[in-house]
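Chain residues, written in single-letter form:
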Amino acid sequence: MDRKRFLAASAAAAASAATVGPALAQTATLPFFNGDRTLARYPQKRELILLTSRPVQLETPFSVYDAGEFTPNDAFFVRWHLPNVPTSVDPSAFTVNVHGAVTTPATFSLDALRSQFESVEVNAVLECAGNSRGFTTPRVAGGQWANGAMGNARWRGVRLRDVLAAVQPATGAVQVRFQGAERPALATTPQFQKSLDLSVAVDPNILLAYQMNGADLPVLNGYPLRLVVPGYFGTYWVKALNDIEVLNAPDQNFWMKTAYRVPNTPNNSVAPADSGYATVPLSNLTVRSFITNIAAGATIAAGRTAVRGIAFDGGNGIKTVGFSTDGGTTWSDATLGRDLGRFSFRRWTATFDAKPGQSLVLASRATSTTGEQQIERWNPSGYQHNAVETVAVTVQA
Amino acid sequence: MTRRMQALGAAVIVALGAAALVATPATARVKIVAIQLPPQGTAFRTAPGVELVRHECLTCHSAEYVTQQPALSKAAWTAEVAKMRAAYGAPIPASETDDLVAYLVAQNPVATK
């Protein structure tokens, strides 16, 4: 019920008798059962929460989201699927091969992409479909993320639409499939491939991106090129993208036909005992909001208190954010910050009177411009979590 | 618990191409961006069956995939083993399933909070 979403202990030094060599292990505890984690420094990254080491998956500490609308590259979460992650890239030799059901297949170097196509930017949230899976009730198997498998960046690259136009999809083309440089350990494991319907793929917001926040992509975020699909869950944002295949029949590969699917039910939600329902591939992010400057369990000073946070949705833009100090019984409108585009984090602020000795349950609730709201949902993979978050605090007497 | 992961910064390796070796200006410079990943940091809990679990699971993923899970039922762990075999092509003999599941169920204690 009380979804404490902050690190309970952000960097408690673990006791160790070591006198020389590595520094003490840093740990964090995520606020759910079995949430103890190691903090780890990876190349081009600050200290992040280690989810898994092979393939590498790193979670962004929640405090990062209070610093601004954009998530710094060195704090941006990392999620790979297959154990052999590319760790050495020669950008002058890197190419992306565009082929399949096209009239003129082509292979583009990075220089060719940059010189042949218009360079554009989009501000967009990248969120893992399983972000917040650790808060799923009842719990489900999978990567046990807290709320740090999301980030917002200014992505620069070329439009997928323009690249597709250059190769001319053939009559009858229906989907476009993307594959990157990560590889499985076994020949029997399916390559990581994701597909978009051609009607989606020609959206001018979708980029083959070579920069985020004004710098080259970190290697662990897909250097030198990744797909950016604003409004869609991260599973489609293929990293180290080097193969684009236009398909003339719907993709039947494991990662589309079996994995990353949700129940084809209202809100993609079911009861744990349900079975026999149809499923559909994941698509758009669900609307969410967070309080970023006050941690669950905090003791705050009495008086006029400022609260702030972030909100985002799957590409319609945020219409309102409500703020509550009584756990959602009553709501007042927060003030929205600058509009950085409909795919971006949107800051919000509010103030409230904290009376001495009070116990308050703070909450935020975003509504998109199409009326989508945050809801309780459950599905067996723990996808699309967007329940209203609460932050219980005590006011000093 | 686990060792601190070593920071290994991204190294930019500048290699000179053959043209540079014959005194041509640096038109053939190639910059390779390379990183080195820290070693895997977490081990499976020592318990009956751990050698089998190491043998079958570590081929494709590190131990955190198991150790960080919530308290899952025998049915849920059985389904996970079946998924590794059927979906990811892990060559896990059917005869090992019971022993693997027994370890997996036991190593994630029942949730107490």
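Placed above this text is the structure.
Nothing here was measured: the structure is a model prediction, and the numbers come from that model.

A. Just the side chain of His81(A), in detail. Residues and elements named next belong to chain A. Of note, His-81 is situated in the loop between β6 (78-79) and β7 (88-89). With a relative accessible area of 13%, His-81 lands in the buried category. Among the polar contacts made by the side chain of His-81, one reaches the side chain of Tyr-260 at a distance of 2.6 Å. Apart from residues lying up to four places away in sequence, His-81 is in contact with Pro-55, Glu-182, Phe-192, Trp-255 and Tyr-260.

B. Local environment of empty space enclosed by the protein. All names here are of chain A. This model, assessed by the stated rule, comprises 3 cavities of 30 Å³ or more. Roughly 170 Å³ of internal volume is contained in the largest cavity. Along its surface, the largest cavity is lined by 17 residues, and Phe-77, Arg-79, Arg-226, Gly-234 and Lys-239 are the ones closest to its centre.

C. Representation of the packing of aromatic side chains. Counted under the stated rule, the structure contains 20 aromatic pairs over all chains. When the ring of Phe32(A) is compared with that of Phe135(A), the centres are 5.5 Å apart and the planes differ by 85°; the resulting orientation is edge-to-face. Separated by 103 residues along the polypeptide, Phe32(A) in the loop between β2 (26-29) and β3 (36-41) and Phe135(A) in the loop between β10 (119-127) and β11 (150-159) bring together distant segments of the chain. Looking at Phe32(A), the relative accessible area reads 9%, which means it is buried. Every member of this aromatic cluster is reached through a ring pair, and the members are Phe192(A), Phe254(A), Trp255(A), Tyr260(A), Tyr383(A) and Tyr88(B). Positioned over the ring face of Trp80(A) is Lys239(A), at 4.7 Å from the centre of the ring.

Rules of the game
Throughout this description, residue numbers start from 1 for each chain and increase along the sequence as written. Ligands are numbered from 1 and chains lettered from A, in the order in which they are written. Since the coordinates come from a predicted model, pLDDT governs what is reported: local features require at least 70, and pairs of side-chain atoms require 80 or more to be given and counted, while whole-chain, interface and lining totals use all residues. Hydrogens are left out, water is left out, and the side-chain values use all remaining heavy atoms of the structure. Counting from the N terminus, the helices are the DSSP runs of H or I reaching at least four residues and the strands are the DSSP runs of E reaching at least two. Burial classes: relative accessible area under 20% of the type maximum marks a residue as buried, over 50% as exposed, and values in between as partly exposed (1.4 Å probe, protein chains only). Pairing of N or O atoms within 3.5 Å defines a polar contact, subject to two protein rules: one partner must be a possible hydrogen donor and the other a possible acceptor, and residues neighboring in sequence count only if both atoms are side-chain atoms. Whether two residues are in contact is decided by their heavy atoms, any of which lying within 4.5 Å being enough. The pocket and cavity definitions rest on a 1 Å grid over protein atoms only: a 1.4 Å probe that fits but cannot leave marks a cavity, an open set with protein on both sides within 12 Å along at least five of seven lines marks a pocket, and residues lining either have an atom within 4 Å of a point. Grid points are joined across faces, edges and corners, and a volume is the space filled by probe spheres set on the points. Stacked, edge-to-face and tilted are the three classes for Phe, Tyr and Trp ring pairs, Trp counted by its six-membered ring, which pair at centre distances within 6.5 Å; planes under 30 degrees apart are stacked, over 60 edge-to-face, the rest tilted. Only Lys NZ and Arg CZ are tested; either one counts as a charge over a ring when it is within 6 Å of the ring centre and within 35 degrees of the ring normal.

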